[in-house]
Amino acid sequence: MQLERLLLHLKLDGWCVVEDVIPADQIEHVRHSVEAAVAAHRNPAAPPDIGHLPGMINFDQSFAPFLADENLLALVGAMLGHHPRISFTTGTINYPGNERGGWHADWPFNQNNAGHIPAPYPDATVHLTTLWMLAPFTEENGGTLLVPGSHRSPNNPTGDNGVDPLTPYPTEVNACGPAGSVLVLDSRLWHATAPNRSHQPRTSVVVRYAPWWLNVEVLRPGSDERRRLSEETGRKENAVPSLPASVFAELPAPVQPLFRHWVAQPE
Ligand SMILES: O=C(O)CCC(=O)C(=O)O
């Protein structure tokens, strides 16, 4: 019943919040661990008040046991079918005072990326974006801004669709929830970073899920797909480093199937 309610919300509105994915007594440990990894390895090109760490799972595995949460995987499976994969794990910390970001849909619908499905794209869910709330998401600290229902549109503000990426949208909402919850978005949903007006960092890990049949190779540094679509054209693309075999070997058994496509091959 719970799953049915979440699925309805996700299909109709393009988003839902799954609560209690990380047990209350584990949240602080995971948050500290993620904050330490982001502080040590953050992407230097990110804005100063956004902590951004692509390939988070390579640096910190504190959140790994929860990636195979039964409720969450049931939801992912109902949307993407059997044998889903994790395509991204990105440490994302919005520090106090960060600026509002631009409206966008995520890879592969963001029209600025080298690897994108060109608009007008079909009305199908082919990728899910999840934000793991390691702090509560509130209006004050900048719960992700969303335009409910926008996932059914065949384009988004990165594709020159007539909506100014930096202007508030009349029906926007902040996605809120208690720490330990997971915000699930259809990756087509228009969303934006909200300003954090609190005095604490809004810490999260962004985990994205793909169906087994979606080609994610353009994200992999060194792949031929990436050379063709990004390096040879000069178009920008996200980079997700391969997972070292030693990290993969230590992941909990139920989590390994989500990552086995991304394990680094021996040189
Ligand atoms: O941090 C947020 O609330 C939004 C992050 C975001 O837009 C993204 O990762 O695509």
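It should be emphasised that the depicted structure is a prediction, and the values quoted were computed from it without experimental measurement. (Residues numbered from 1 in each chain as written. Predicted model: local features only at pLDDT ≥ 70, side-chain atom pairs only at ≥ 80, totals over all residues. Heavy atoms only, no water.)

(A) Representation of the pattern of salt bridges in the model. Throughout the structure, instances matching the rule amount to 8 salt bridges. Among the ionic pairs, Arg100 bridges to Glu172, the shortest N-O distance being 2.8 Å. Here Glu172 lies in the loop between strand E5 (145-146) and strand E6 (173-174) and Arg100 lies in the loop between strand E3 (85-94) and strand E4 (128-133), a separation of 72 residues in the sequence. Classification of Arg100 as partly exposed rests on a relative accessible area of 24%. In this structure, the salt-bridge partner of Arg152 is Asp123, at a minimum N-O distance of 2.6 Å. Here Arg152 is found in the loop between E5 and E6, whereas its partner Asp123 is found in the loop between E3 and E4, with 29 residues between them in sequence. Taking the relative accessible area as the measure of exposure, Asp123 reaches 43% and is therefore partly exposed. A network of salt bridges, in which partner residues are shared, links Asp123, Arg152, Asp186 and Arg188. (Salt bridge = Lys/Arg side-chain N within 4 Å of Asp/Glu carboxyl O. Helix = DSSP H or I, 4+ residues; strand = E, 2+ residues; numbered from the N terminus. Buried < 20%, exposed > 50% of the residue type's maximum accessible area, 1.4 Å probe, protein only.)

(B) Inspection of the site of the ligand at higher detail. By nearness alone, every residue bordering the ligand is listed as Thr92, Asn94, His104, Asp106, Leu131, Thr144, His191, Thr193, Arg202 and Arg208. Take Thr144: an N or O atom from its side chain is 2.7 Å from an oxygen atom of the ligand. Calculation on the ligand without its partners gives an accessible area of 300 Å², and the protein chains cover 90% of this total. Of all the secondary structure elements, the ones that give two or more residues to the shell around the ligand are E3 and strand E9 (202-210). When its residues are assigned to classes, the shell around the ligand shows 1 nonpolar, 6 polar and 3 charged. (Near = heavy atom within 4 Å. Polar contact = N/O pair within 3.5 Å; in protein donor to acceptor, adjacent residues only side chain to side chain. Areas by Shrake-Rupley, 256 points an atom, 1.4 Å probe, with all protein chains shown as cover. Nonpolar A, V, L, I, M, F, W, Y, C, P; charged D, E, K, R; others polar.)

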